[in-house]
Amino acid sequence: MSVGLGPLPDFHPVAGVRLGTAAAGIKKPGRPDLVVMALDSGSRVAGTFTRNQFCAAPVLVTRDHLAVEPPRYLLINTGNANAGNGEDGVADAQTCCDALAQETGGVAEQVLPFSTGVIGERLPVDRLVAGLPDALDVLSPTGWADAASGIMTTDTQPKGATRRITLGGQTVTISGISKGAGMICPNMATMLAFIATDAAIDPDLLQQLVSELGDRSFNRITIDGDTSTNDACMLIATGQSNAPEITSASDQLPVLREALLSVFLELSHAIVRDGEGATKFITIAVEQAASVDEALNVAYTLAHSPLVKTAFYASDPNWGRLLAAVGRAGVVGLDLERVAIDLGDVALVRDGGRAESYTEEQGQAVMDQPEITVRVDLGRGTVRETVWTCDLSHDYVTINAEYRT
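Residues numbered from 1 in each chain as written. Predicted model: local features only at pLDDT ≥ 70, side-chain atom pairs only at ≥ 80, totals over all residues. Heavy atoms only, no water.

1. So, the environment of Thr398
Within the element layout of this structure, Thr398 appears in helix H11 (residues 394-401). Spatially, the C-alpha atom of Thr398 lies 9.4 Å from that of Glu276, the residues being 122 residues apart in sequence. (Helix = DSSP H or I, 4+ residues; strand = E, 2+ residues; numbered from the N terminus.)

2. So, the packing of helix H8 (residues 306-313) against helix H9 (residues 319-327)
Remark: H8 packs on H9, axes separated minimally by 9 Å, with the N-to-C direction vectors making an angle of 155°. As summarised for this structure, H8 and H9 are arranged roughly antiparallel, according to the angle between their axes. Judged by the twist between their axes, the crossing of H8 over H9 is left-handed. Together, Leu307, Val308, Thr310, Ala311 and Phe312 of H8 and Arg321, Leu322 and Ala325 of H9 make up the contact between the two elements. Each residue belonging to the contact of H8 with H9 can be placed in one class, and the counts come to six nonpolar, one polar and one charged. (Axes fitted to C-alpha atoms, helices over the stretch in contact; angles between N-to-C directions. Parallel < 35°, antiparallel > 145°, perpendicular 65-115°, else oblique. Left-handed = near helix turned anticlockwise from the far one by under 90°. Contact = heavy atoms within 4.5 Å. Nonpolar A, V, L, I, M, F, W, Y, C, P; charged D, E, K, R; others polar.)

3. Considerations on the sheet that holds strand S9 (residues 232-237)
In spatial order, the strands read S3-S9-S8-S7-S6; together these five strands make up an open sheet with mixed pairing. One side of each edge strand has no neighbouring strand; the edge strands of this open sheet are strand S3 (44-49) and strand S6 (159-167). Each adjacent strand pair in this sheet contributes to an overall mean axis angle of 15°, direction not counted. With six bridges joining them, S3 and S9 adopt antiparallel strand pairing. Of the residues in S9, the one forming a bridge with Ala46 is Leu235. With respect to the sheet, helix H5 (residues 203-216) is in contact with S3 and S9, its orientation differing from that of S3 by roughly 35°. (Pairing = 2+ DSSP bridges.)

4. Description of the pattern of salt bridges
The full count for this structure, using the stated rule, is 14 salt bridges. Of the charged contacts, one joins Arg163 and Glu266 as a salt bridge, the two residues approaching to 2.7 Å between their closest N and O atoms. Of this pair, Arg163 sits in strand S6 while Glu266 is found in helix H6 (residues 253-273), placing the two residues 103 residues apart along the sequence. Given a relative accessible area of 23%, Arg163 falls into the partly exposed group. The class of Glu266 is partly exposed, set by a relative accessible area of 35%. Here Glu371 and Arg273 are joined by a salt bridge, their closest N and O atoms 2.7 Å apart. Pair noted here: Glu371 is in strand S14 (residues 371-377) and Arg273 is in helix H6, with a separation of 98 residues, a long-range link. Looking at Arg273, the relative accessible area reads 14%, which means it is buried. (Salt bridge = Lys/Arg side-chain N within 4 Å of Asp/Glu carboxyl O. Buried < 20%, exposed > 50% of the residue type's maximum accessible area, 1.4 Å probe, protein only.)

5. Topic: the domain arrangement of the protein chain
Its domain assignment divides the protein chain into domain 1 (17-274) and domain 2 (281-402). For domain 1 and domain 2, the distance between their C-alpha centres works out to 33 Å. The partner domain 2 presents 16 residues to the 14 residues of domain 1 that form the contact. With both chains or domains summed, domain 1 and domain 2 bury close to 1,200 Å², and 59% of this area falls on carbon and sulfur atoms. Counting the surface domain 1 buries against domain 2, the share from its top three residues, Arg220, Thr222 and Arg273, is 46%. Across the domain 1-domain 2 interface, the total number found is two salt bridges. Looking at which element gives the most residues to the side of domain 1 that touches domain 2, the answer is H6, with four residues. (Domains from an automatic or database assignment. Buried area = accessible area lost by both parts, 1.4 Å probe.)

6. Thoughts on the packing of aromatic side chains
Given two aromatic rings, their pairing is described by the distance between the two centres and the angle made by the two planes. Evaluation of the coordinates by the stated rule reveals three aromatic pairs. Centre to centre, the rings of Phe114 and Phe194 are 5.1 Å apart; their planes meet at 80°, and the pair counts as edge-to-face. Here Phe194 lies in strand S8 (residues 192-197) and Phe114 lies in strand S5 (residues 111-118), a separation of 80 residues in the sequence. In this pair, the class of Phe114 matches that of Phe194, namely buried. Measuring from centroid to centroid gives 5.8 Å for Phe218 and Phe264, while their planes differ by 55°, and the two rings are tilted. Here Phe264 lies in helix H6 and Phe218 lies in the loop between H5 and S9, a separation of 46 residues in the sequence. Side by side, Phe218 and Phe264 carry an identical accessibility label, which is buried. (Phe/Tyr/Trp six-rings, centres within 6.5 Å; stacked < 30°, edge-to-face > 60°.)

Rendered as structure tokens:
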């Protein structure tokens, strides 16, 4: 089940990127679960990672490798997170990098590993390594769709986005994939996301962009309030278009930034739309806050409230749950008379209580929709922040109760 999530787009190939997907039997036989992304020489890679202190072994190894060698390969597996395994997990991730380097004639530090799946189980290294030749045999610039399927866990649909823009009179391509449906409350990005462009981007700017854009997209989504051990969001620039290199001083930077942001937003929203058991896609916009932290505290208090989320699932216009969540969000000195809460285009709360114009029928008409916006005006400042979330259904409990079976 997903909310307004359509089929994958026809991906535009990104010059300098090839993808190969194979079934290595990491968790289930015959299921695509291993992806290799091969990057041409000269490609630049930047990323953001989970802040969960039990971060997974591949996160540790990827961070180390990024500091040593220009990456040439991304190695992604699903079915096993390789998290919670201590030094054994690090050794297993490194063994997989060594194996791919041996297969390709490179060095292990040029390989960035990523894993997703069950936490606390040893990575079946032998099966993963045995699957590498199959993935390498099918490396192709057109392998994006297969890769989007190959990184799924509890996702019901693969997720991807693609764009073509013009920079300096030259065509530039952006394509990306993401995965995630549960354990989503990123503190950097999402569970896994890989975005590539053939633009040439200054290395410092590349890191700035992935941090900034991740913060405006993947860092503004939540399904269940749980931050994964394996979150990673990677931005790749191969530099193989004919457009001039983009630096922080380039007049074309705003065009590139906007195009990249649209891809980041589409990929992050797709995760919420495919949230485990989700039936509603909910936008929570907090306006006129005194600070970013204040706005986000209110937005996430609403987004994480089980009572709010279950009301959305039931299509129940129980507006008192929204009011109560705003009231417990920790806003110091909140003037209740200035707070306004809207459900879609329906006024719910004005002057400290229910809006005089509100009727249950109006609220019900909004709650029956699959996509809903909640607006909260705090009347305290000029800051606006938006968070995207979903409802909480019976299926979420079922999916997570049966996740390891």
